[in-house]
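Reading the structure
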There are 2 protein chains.
Amino acid sequence: MENFNFYSPTEFVFGKDTEMDCGKYVKKHGGSKVLIHYGSSSAVKSGLLDRVKKSLEESNIAYVCLGGVKPNPRDTLIYEGIELCRKENVDFILSVGGGSCIDSSKGIALGVPYDGDFWDFYGTGKVVEKALPIGTVLTIAAAGSEGSPGSVVTKEEGMLKRDVGSDLLRPKFSILNPALTQTLPAYQTACGATDIMAHVFERYFTNSTEVEITDRLCEAVLLTMIKETPRVIADPDNYQARANIMWAGTVAHNDIVGVGRSQDWNSHGIEHELSGLYDCAHGAGLAVIMPAWMEFVYKHNVMRFAQMAVRIWGCEMNFENPEDTALKGIRCFRTFLRNIGMPINFKELGAKEEDIPTLVEKFGLGDGKTGGFVSLSSDDVAEIYRIAAKASL
Amino acid sequence: MENFNFYSPTEFVFGKDTEMDCGKYVKKHGGSKVLIHYGSSSAVKSGLLDRVKKSLEESNIAYVCLGGVKPNPRDTLIYEGIELCRKENVDFILSVGGGSCIDSSKGIALGVPYDGDFWDFYGTGKVVEKALPIGTVLTIAAAGSEGSPGSVVTKEEGMLKRDVGSDLLRPKFSILNPALTQTLPAYQTACGATDIMAHVFERYFTNSTEVEITDRLCEAVLLTMIKETPRVIADPDNYQARANIMWAGTVAHNDIVGVGRSQDWNSHGIEHELSGLYDCAHGAGLAVIMPAWMEFVYKHNVMRFAQMAVRIWGCEMNFENPEDTALKGIRCFRTFLRNIGMPINFKELGAKEEDIPTLVEKFGLGDGKTGGFVSLSSDDVAEIYRIAAKASL
């Protein structure tokens, strides 16, 4: 176990009807003039936005609104949000939506008090020194952004997807009402579940040894997802299964299951080029990339993949041939993804094998290497795209 | 899963040599004049106290000291601490020690800004409205007080052990250096491990259904303790095993594994009378009480105890007779406790069967009932003491 800092000061307010209290929590965390930032018209149609506004009004909190966040949120809307916040003297941002909406809110939050271009912070490691406080009302269990320090944004020019992380971007509060996710179509629900599982796998595959506590916590989240996801796909109105997935999604990414160990994150990076280029759902891209990444790297630590197979997928250990067990685990993962309706190869995702050189080029590794579990070159990344392109059960 | 709030804003600073930075963290969290509160002479002899003072001096933070915290911390020292803090205008309390020291610090923290008697808050449900901020340098993995809102204190007059809880009592930061626990004798180490496991079991035995995520997280912590505790008992200098136990201890009690479900806490209450009366270690008392409590209540939900047996203790499920599996699990727990050197009955603990009426009397239930999993009467509590008195493997 390695030294670490863990600081997750977000107040999580979980359960039925909790969005009715968002005004109270904005007030508690110091907001007096709010930007309500939201995405599609579904928040309007469902009446959620009206409930949020009503709650703010009951707490005598003024607000302005900015909708239109798209999946893979764009820099263009963030510039608009920053300008609006400055003009209206907004001191608190309330995100009403899923991970894209929260990530867009975080972009605005760090951009408002910054003199230069907010994009300076994305993909550069530049340290965030100030940001407006954020609250969230979550409508999709997936990104974990409701409890994480991260934000991923796409620059429209060139469709570049880049990220930033800072404890200043952790929401002050997050309202998690599982019932709000019940209207989500099966495909998006499955994309969210895949994203949650990927967040754990990025932490699970580590070169740190003697990390039993975080190994077991990772496995706890994955076992939950394996049980609950098919239940939700079969019965979208299952509040309890939605609730388990929602809290699993937060725990998966606020880093409590990942502290004190090296993490990988190559699958996310490799996927980002897919959703950047094709504007597909991030979770769907991960369903295609992550098992391919596993197939490419498993020989680096066969026993860790055998552990995944046995502890997470319930495979019997083949003590004479652990590699056989390791490969079985990866097959179980891909089969699970197919069963919940995810694409497992380029064709099913809508990606093209002939674009691989472009994807590798945009990944931007050049002659360098990257990754916490296995360090990959551009050639390795190309090979993972090729495995992903052709994958089948 | 039930509605819940989860707010754990403590900054955890984990790993080797982290106590050298405590001055920095006091400063970051607003302290300028500190009470260093500590326990036995071991913190002095080991040089830890000197390192803490040096770190404060390097950050130009003034301090006064108050040592002498005993296990099962007493009200008398808290009164002394409150007076000292008022006289010296202390604005931050730094606890250097284990759970008793932190709990004593919390008593002082809530007492300083309060006009009346600090004891008013203990065991009464009176709401804490103000408290000095606290930081901790933890030396024993056990109580979880480094990340919890709770404090348990013993009133010397009558040896009454009572508790209080408030988010205001959650430490601002906690410094967790597993190496500081390496000097702890095997018996105290095992007491700490038992306490950690008990914190999880109090949450695991619930009447809430559909709580897969927290069930699995509970099991993750328990599986870790079952693996790591015997390693530490066999090899006290094993830093990695100490590290896994230390983080498990925090996760076990900051409530991330217990949210959204009913919890029990009768074993803790029933034990408190033992350590109150005999001044024995809380963990040792739990080793005697908790399996006895399990034997008394398991019929309330045989399948939950079978789940414990299978998932936590690795028992084979007896599908024809789940009760057999449930009882096997409880036996595994008691055998584990004996193997790590814990007492399993009154005699081994130094308690007396003839004191049972006194213990029940002090428990103070009268004609009432208490408990989240099974509601117990005074007669039930007496029966649990009797089972505990006579227990054997």
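My aim in this report is to walk through the structure given alongside it, one point at a time. (Residues numbered from 1 in each chain as written. Chains lettered and ligands numbered in written order. Predicted model: local features only at pLDDT ≥ 70, side-chain atom pairs only at ≥ 80, totals over all residues. Heavy atoms only, no water.)

1. Section: the overall build of chain A
Counted only if it meets this: Here a strand is any run of E in DSSP of at least two residues, a helix any run of H or I of at least four, and the numbering for each starts at the N terminus. We take the radius of gyration over the C-alpha atoms and set the globule estimate at 2.2 Å times the residue count to the 0.38 power. Partly exposed describes any residue whose relative accessible area lies between the buried limit of under 20% and the exposed limit of over 50%, with all areas from a 1.4 Å probe on protein chains only and scaled to the type maximum. Any two residues having at least one pair of non-hydrogen atoms within 4.5 Å are treated as being in contact. For the accessible areas, the method is Shrake-Rupley and the probe is 1.4 Å, while residue cover comes only from the protein chains on display. Under the convention used here, Asp and Glu are negative, Lys and Arg are positive, and both His and the chain ends fall outside the count. For this purpose, a charge sits on NZ of Lys, CZ of Arg, CG of Asp or CD of Glu.
Along the backbone of chain A there are 15 helices and nine strands. Its C-alpha atoms give chain A a radius of gyration of 20 Å, near enough to 21 Å, the size a compact globule of 393 residues would have. Projected onto the principal axes, the alpha-carbon positions of chain A cover approximately 70 × 45 × 40 Å. Looking at the 393 residues of chain A, the share that counts as buried comes to 63%. Within chain A, counting contacts between residues at least 6 apart in sequence, those at least 24 apart form 76% of the total. Entry remark: accessible area of chain A is about 14,100 Å², with carbon and sulfur atoms responsible for 49%. Here chain A contributes 40 positively and 51 negatively charged side chains, and the mean placements of these two sets differ by 4 Å.

2. Points about the side chain of Arg74(B)
All names here are of chain B. Which entries qualify depends on this criterion: Counted as a polar contact is a pair of N or O atoms within 3.5 Å, where, for protein atoms, one must be capable of donating a hydrogen and the other of accepting one, and residues adjacent in sequence contribute only when both atoms are in side chains.
As for its placement among the helices and strands, arginine 74 is situated in the loop between strand 4 (62–66) and helix 4 (75–88). A distance of 2.8 Å separates a polar atom in the side chain of arginine 74 from a polar atom in the side chain of aspartate 279. Setting aside residues up to four positions removed in sequence, arginine 74 forms contacts with Val153, Thr154, Glu156, Met159 and Asp279.

3. Points about the nonpolar core
Across soluble globular proteins, nonpolar side chains show a tendency to be buried alongside one another. As a reminder of what qualifies: Among buried residues, the Ala, Val, Leu, Ile, Met, Phe, Trp, Tyr and Cys ones that are joined through side-chain atoms within 4.5 Å form a nonpolar core.
Within the largest apolar cluster, 171 residues are counted, with the highest numbers of intra-cluster contacts made by Phe201(A), Trp247(A), Phe305(A), Phe201(B), Trp247(B) and Phe305(B). Look past the residues within four positions of Phe305(A) in its chain and what remains in contact with it is Phe205(A), Trp293(A), Met294(A), Val297(A), Tyr298(A), Ala326(A), Ile330(A) and Phe373(A).

4. Quick word on the side chain of Thr194(A)
For Thr194(A), the position within the fold is in helix 6 (residues 186–204). Within the local environment of Thr194(A), its side chain forms a polar contact with the backbone oxygen of Ala190(A), the two atoms lying 2.8 Å apart.

5. Description of helix 15 (residues 378–390) of chain A
One full turn of an α-helix is made of 3.6 residues, so residues set three or four places apart face in the same direction. Residue and element names in this part refer to chain A. Rules: Residue count minus one, scaled by 1.5 Å, sets the expected span of a helix.
Spanning 13 residues, helix 15 covers 19 Å between terminal C-alpha atoms, matching the ideal 18 Å at 1.5 Å per step. Along helix 15, the residues that are buried comprise Ser378, Asp380, Val381, Ala382, Ile384, Tyr385, Ala388 and Ala389. Of the surrounding secondary structure, the elements contacted by the buried residues of helix 15 are helix 9 (266–278), helix 10 (282–297), helix 13 (346–349) and helix 14 (356–363).

6. Quick notes on the pairing of strand 9 (residues 173–176) of chain A
Residues and elements named next belong to chain A. Worth spelling out the cut-off: Two strands are said to pair when DSSP picks up at least two bridges between them.
Where burial is concerned, the two faces of strand 9 agree: the one with Phe173 and Ile175 and the one with Ser174 and Leu176 are both buried. Across four bridges, strand 2 (residues 11–14) lies against strand 9 in parallel orientation. Its bridge partner being in strand 9, valine 13 is matched across the sheet by isoleucine 175. Looking at chain direction, strand 6 (residues 134–138) and strand 9 are connected through four bridges and run parallel. Its bridge partner lying in strand 9, valine 137 is registered against isoleucine 175.

7. Considering the pairing of strand 2 of chain A
For a regular strand, the rule is simple: side chains alternate between the two faces of the sheet. Here strand 2 of chain A shows no split at all, with Glu11(A) and Val13(A) on one side and Phe12(A) and Phe14(A) on the other all buried. Alignment of strand 2 of chain A against strand 1 (residues 4–7) of chain B, held across four bridges, turns out to be antiparallel. Counterpart to Glu11(A) in the pairing with strand 1 of chain B is Tyr7(B).

8. Regarding the pattern of salt bridges
Our working rule: Salt bridge, as used here: a side-chain nitrogen of Lys or Arg that lies within 4 Å of a carboxyl oxygen of Asp or Glu.
One pass over the full model with this rule turns up 50 salt bridges over all chains. A salt bridge links Glu212(A) to Arg311(A); its shortest N-O distance comes to 4.0 Å. With Glu212(A) in helix 7 (residues 212–234) and Arg311(A) in helix 11 (residues 302–312), this pair connects stretches of sequence that are 99 residues apart. Since its relative accessible area comes to 27%, Arg311(A) is described here as partly exposed. Measuring nitrogen to oxygen at the nearest pair gives 2.6 Å for the salt bridge that ties Arg231(B) to Glu228(B). Remark: Glu228(B) and Arg231(B) occur in helix 7 (residues 212–234); sequence separation between them is three residues, near one turn of the helix. Each of Glu210(A), Glu212(A), Arg216(A), Glu219(A), Arg311(A), Lys227(B), Glu228(B) and Arg231(B) takes part in a single network of salt bridges with overlapping partners.

9. Here's the deal with the packing of helix 6 (residues 186–204) of chain B against helix 7 of chain B
All names here are of chain B. Under the convention used in this document: In this analysis an axis means a line fitted to C-alpha atoms, helices contributing only their contacting stretch, and an angle means the value between N-to-C directions, from 0 to 180 degrees. Orientation labels follow simple angle bins: below 35 degrees gives roughly parallel, above 145 gives roughly antiparallel, 65 to 115 gives roughly perpendicular, and whatever is left gives oblique. Here the term charged refers only to Asp, Glu, Lys and Arg, the term nonpolar to Ala, Val, Leu, Ile, Met, Phe, Trp, Tyr, Cys and Pro, and the term polar to all other amino acids, Gly among them.
With their axes 10 Å apart at the nearest point, helix 6 and helix 7 run at an angle of 170 degrees to one another. The angle between helix 6 and helix 7 falls in the class roughly antiparallel. Residue-level inspection shows Ala186, Thr189, Ala190, Ala193, Ile196, Met197, Val200, Phe201, Arg203 and Tyr204 of helix 6 in contact with helix 7, the latter providing Asp215, Cys218, Glu219, Val221, Leu222, Met225, Ile226, Thr229, Val232 and Ile233. Its residues assigned to classes, the contact of helix 6 with helix 7 shows 15 nonpolar, two polar and three charged.

10. Some points on the sheet that holds strand 3 (residues 33–38) of chain B
Here we have seven strands laid out as an open sheet, ordered 1(A)-2(B)-9(B)-6(B)-5(B)-3(B)-4(B), and mixed in their pairing. A single partner strand is all that each edge strand has here, and the edge strands are strand 1 (4–7) of chain A together with strand 4 of chain B. Recorded for the sheet is a direction-independent mean angle of 15 degrees between the axes of neighbouring strands. Packing against the sheet, helix 4 of chain B makes contact with strand 3, strand 4 and strand 5 (92–97) of chain B, and its axis sits at approximately 160 degrees to strand 4 of chain B. On the sheet, helix 8 (residues 239–253) of chain B packs against strand 1 of chain A together with strand 2 (11–14), strand 6 (134–138) and strand 9 (173–176) of chain B and is oriented at approximately 170 degrees with respect to strand 2 of chain B.

11. A short note on the sheet that holds strand 9 of chain A
Taken together, the seven strands give an open sheet; going across it, the order is 4(A)-3(A)-5(A)-6(A)-9(A)-2(A)-1(B), and neighbouring strands pair in mixed fashion. Among the strands making up the open sheet, the edge pair consists of strand 4 (62–66) of chain A together with strand 1 of chain B. Adjacent strand axes in the sheet meet at a mean angle of 15 degrees, parallel and antiparallel pairs treated alike. Here strand 5 (residues 92–97) of chain A pairs with strand 6 of chain A via five bridges, running parallel. Looking at the pairing, Ile93(A) lines up with Ile134(A) of strand 6 of chain A. Sheet strands in contact with helix 3 (residues 48–58) of chain A are strand 3 (33–38), strand 4, strand 5 and strand 6 of chain A, and its direction is about 170 degrees off that of strand 3 of chain A.

12. Notes on the interface of chain A and chain B
Of the residues lining the interface, 41 residues belong to chain A; the matching set on chain B comes to 41 residues. Our count for the chain A to chain B interface comes out at four salt bridges. Where Glu210(A) meets Arg231(B), a salt bridge forms, and the shortest distance between an N and an O atom there is 2.8 Å. Summed over the shared surface of chain A and chain B, the number is 22 residue pairs in polar contact (both at pLDDT 80 or more). For the side of chain A that touches chain B, the element with the highest residue contribution is helix 7 of chain A, accounting for eleven residues. The class makeup of the residues in the side of chain A that touches chain B is 22 nonpolar, ten polar and nine charged.

13. Remarks on helix 3 (residues 48–58) of chain B
Residue and element names in this part refer to chain B. Let me state the cut-off plainly: As used here, the arc belongs to the directions running from the helix axis to the C-beta atoms.
Listed as buried for helix 3 are Leu48, Leu49, Val52, Ser55 and Leu56. Down the axis, helix 3 shows its buried residues gathered within 125 degrees of arc, on one side only. For helix 3, the exposed residues set more than 90 degrees away from the buried face come down to Asp50, Lys54 and Glu58. Buried residues along helix 3 sit in contact with helix 1 (22–28), strand 3, helix 2 (42–45), strand 4, strand 5 and strand 6.

14. Overview of the relation of the copies chain A and chain B
Test applied: Copies overlap after least-squares fitting; the atoms used are the C-alpha atoms of residues with pLDDT of at least 70 in both.
Placing chain A over chain B gives an RMSD of 0.0 Å and needs a rotation angle of 180 degrees, together with 0.0 Å of translation along the axis. With respect to symmetry, the two chain copies, as superposed, fit the operation of a two-fold axis. Measuring from the rotation axis to each C-alpha of chain A, the shortest distance belongs to Pro9(A), at 1.9 Å.

15. Description of the state of the cysteines
To be explicit about the condition: Put simply, a disulfide is two cysteine sulfurs that come within 2.5 Å.
For the structure on display, the rule yields zero disulfides over all chains. Take Cys315(A): it sits in no disulfide, and the sulfur closest to it among the cysteines is that of Cys332(A), at 3.8 Å.

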